Amino acid sequence: MEIQGARVWVAGATGVLGGALARELAAAGARVALGGRDADRLAALADELGGAPTQVLDVVDVESGRAAVTAAAEALGGLDAVVVASGVVAFGPAADADDAVVEELFAVNTLGPMSMVRGALPHLADGGAVVLLSAIVADAPTLQMAEYSASKAALSAWASVLRRELRPRRVAVLDVKPPHVDTGLVHRALAGTPPRLPAGFDQRAVVDAVLAGLRGTSREVVLDPKAGELVLR
Ligand SMILES: NC(=O)c1ccc[n+]([C@@H]2O[C@H](COP(=O)([O-])OP(=O)(O)OC[C@H]3O[C@@H](n4cnc5c(N)ncnc54)[C@H](OP(=O)(O)O)[C@@H]3O)[C@@H](O)[C@H]2O)c1
């Protein structure tokens, strides 16, 4: 799709990757609307981007997610793309996971994004795009991260079916599967402490790959382990 002039809703714009994506999309000429939980950081980003419309939401509360996407579509006069960059992580052995934590993890990482995308689809132009940030663990479930891996694998599986079902509308579904990036996400975990993680991957490369994916026809952004680079396929 053409990013210049595109109407793009970024949910999770208060996060590090979501904020970077919103800035880069705006710099490339998109008209962005910003969804996020932290109202102050959301307002600050909106100011930085010249008064972009904002919607405060809690992904756990599907009503608020749905209301936010509807408000974003109204503010922009429709949508050409929706980017969901909200997410949380939790650590620890699968056998010890707390039920309430697992529920929140799936609500934020899986059920909420699915609901917001469903809410966006009636507003999304044919030929538009859906961008979901799953993670490398969707394909490579990781010790001490069983529930996070499962929540992202579920989102990824859903995205792969959605992509096929939206083909008649020519809506692209881009599944972004970054490796570990030093955004501080792991220090905001719902539970547990992170296991030893690989060196943080370049945040800029993730953002560049998403924009390249939006401009083209790729299905996913994945790490090529041999090259140590993100590739579109
Ligand atoms: N960083 C990595 O290593 C990595 C690797 C692979 C995939 N990812 C995925 O990339 C996405 C962005 O992560 P990030 O690294 O940019 O982390 P981040 O800076 O912590 O951003 C997380 C975002 O999720 C939002 N969020 C969390 N719980 C929420 C809730 N209940 N309601 C609404 N928003 C909520 C946060 O909102 P507030 O700040 O407003 O609370 C924030 O905008 C996530 O889906 C993550 O799983 C990250």
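Residues numbered from 1 in each chain as written. Predicted model: local features only at pLDDT ≥ 70, side-chain atom pairs only at ≥ 80, totals over all residues. Heavy atoms only, no water.

S.K.: Sorry, what's going on with the packing of helix 4 (residues 99–120) against helix 5 (residues 146–165) here?
M.R.: For any two helices packed against each other, one specifies the inter-axial angle together with the distance between the axes. The N-to-C vectors of helix 4 and helix 5 enclose an angle of 15 degrees; their axes lie 8 Å apart at closest approach. By the angle class used here, helix 4 and helix 5 are roughly parallel. When the axes of helix 4 and helix 5 are compared, the crossing they make is right-handed. Along the contact surface, helix 4 presents Val102, Leu105, Phe106, Asn109, Thr110, Pro113, Met114, Val117 and Arg118, while helix 5 presents Glu147, Tyr148, Ala150, Ser151, Lys152, Ala154, Leu155, Trp158 and Leu162. Within the contact of helix 4 with helix 5, the residues separate by chemical class into 12 nonpolar, three polar and three charged. (Axes fitted to C-alpha atoms, helices over the stretch in contact; angles between N-to-C directions. Helix = DSSP H or I, 4+ residues; strand = E, 2+ residues; numbered from the N terminus. Parallel < 35°, antiparallel > 145°, perpendicular 65-115°, else oblique. Left-handed = near helix turned anticlockwise from the far one by under 90°. Contact = heavy atoms within 4.5 Å. Nonpolar A, V, L, I, M, F, W, Y, C, P; charged D, E, K, R; others polar.)

S.K.: Honestly, the layout of surface pockets in this entry has me stumped. Any pointers?
M.R.: It is a probe the size of a water molecule, rolled over the atoms, that shows where empty space is left. The space that makes up the largest pocket amounts to roughly 1000 Å³. Mapped onto the lining of the largest pocket, the elements with two or more residues apiece are helix 1 (16–27), helix 4 and helix 5. Sorting elements by how many residues they give to the lining of the largest pocket places helix 1 first, with three residues. Residue lining of the second largest pocket: 19 residues in total, with Val171, Ala172, Val173, Thr217 and Ser218 positioned closest to the centre. Of all the secondary-structure elements, those providing two or more residues to the lining of the second largest pocket are strand 5 (124–133), strand 6 (172–176) and helix 6 (203–215). Looking at the lining of the second largest pocket element by element, the count peaks at five residues for strand 5. Grouping the constituent residues of the lining of the second largest pocket by class yields nine nonpolar, six polar and four charged. (1 Å grid on protein atoms, 1.4 Å probe; cavity = no way out; pocket = protein on both sides within 12 Å on 5 of 7 lines; lining within 4 Å. Points joined across faces, edges and corners; volume = space filled by probe spheres on them.)

S.K.: Quick question: what am I supposed to make of the pattern of salt bridges here?
M.R.: Close approach of charged atoms lets side chains of opposite charge pair. As enumerated under the stated definition, the model contains 10 salt bridges in all. Ionic pairing is found between arginine 204 and aspartate 208, a salt bridge with its closest N-O pair at 3.0 Å. Of the two residues, arginine 204 and aspartate 208 both sit in helix 6, four residues apart, roughly one turn of that helix. We classify arginine 204 as partly exposed; its relative accessible area is 43%. Judged by its relative accessible area of 37%, aspartate 208 falls in the partly exposed class. Of the charged contacts in the structure, one is a salt bridge between arginine 233 and glutamate 220, with a shortest N-O distance of 2.6 Å. (Salt bridge = Lys/Arg side-chain N within 4 Å of Asp/Glu carboxyl O. Buried < 20%, exposed > 50% of the residue type's maximum accessible area, 1.4 Å probe, protein only.)

S.K.: Just checking my understanding: could you explain the UniProt feature "domain: Ketoreductase" (unreviewed entry) in the protein chain for this structure?
M.R.: Under the UniProt annotation, the feature "domain: Ketoreductase" (unreviewed entry) is placed at residues 6–180. Split by type, residues 6–180 is 45% helix and 20% strand. Its first and last C-alpha atoms lie 29 Å apart. (UniProt positions renumbered as here; feature names shortened; annotations may be inferred.)

S.K.: Can you walk me through the nonpolar core in this structure?
M.R.: Nonpolar side chains in soluble globular proteins tend to end up buried together. Counting residues in each nonpolar core, the largest one holds 35 residues, and the members touching the most others are Val8, Leu25, Leu34, Val131 and Val176. With six residues, the single largest contributor to this core is helix 6. Look past the residues within four positions of leucine 34 in its chain and what remains in contact with it is Trp9, Val10, Ala13, Ala22, Leu42, Leu45, Ala46, Leu49, Ala52, Pro53, Thr54 and Gln55. Ala68, Leu79, Val117 and Val130 belong to the second-largest nonpolar core, a separate cluster that totals 28 residues. (Core = buried A, V, L, I, M, F, W, Y, C linked by side-chain atoms within 4.5 Å.)

S.K.: Which parts of the structure should I look at to understand helix 2 (residues 39–48)?
M.R.: For an α-helix, 3.6 residues make a turn, and residues three or four places apart therefore share a direction. For helix 2, every residue scored as buried is listed here: Leu42, Leu45 and Ala46. Looking down the long axis of helix 2, one finds its buried residues gathered within 100 degrees of arc, a one-sided arrangement. With respect to the buried face of helix 2, the exposed residues turned more than 90 degrees away are Asp40 and Asp47. Those residues of helix 2 that are buried are in contact with helix 1, strand 2 (31–36) and strand 3 (54–56). Two or three places before aspartate 40, at the start of helix 2, stands the capping residue aspartate 38, its side-chain oxygen 3.1 Å from that residue's backbone nitrogen. The positive-phi residue at the C-terminal boundary of helix 2 is glycine 50, with phi of around 75 degrees. (Arc of directions from axis to C-beta. Polar contact = N/O pair within 3.5 Å; in protein donor to acceptor, adjacent residues only side chain to side chain.)

S.K.: Mind showing me how you'd approach the side chain of arginine 7 here?
M.R.: Following the sequence through the fold, arginine 7 ends up in strand 1 (residues 7–11). Ignoring anything within four residues of it in the chain, the contact list for arginine 7 reads Arg31, Leu76, Gly77, Gly78, Leu79, Asp80, Ala81 and Ala125.

S.K.: So what exactly am I meant to see when it comes to the side chain of lysine 152 here?
M.R.: Relative to the assigned elements, lysine 152 resides in helix 5. No salt bridge is formed by the buried lysine 152; the nearest opposite charge belongs to aspartate 175, separated by 8.2 Å. (Lys, Arg positive; Asp, Glu negative; His and termini not counted.)

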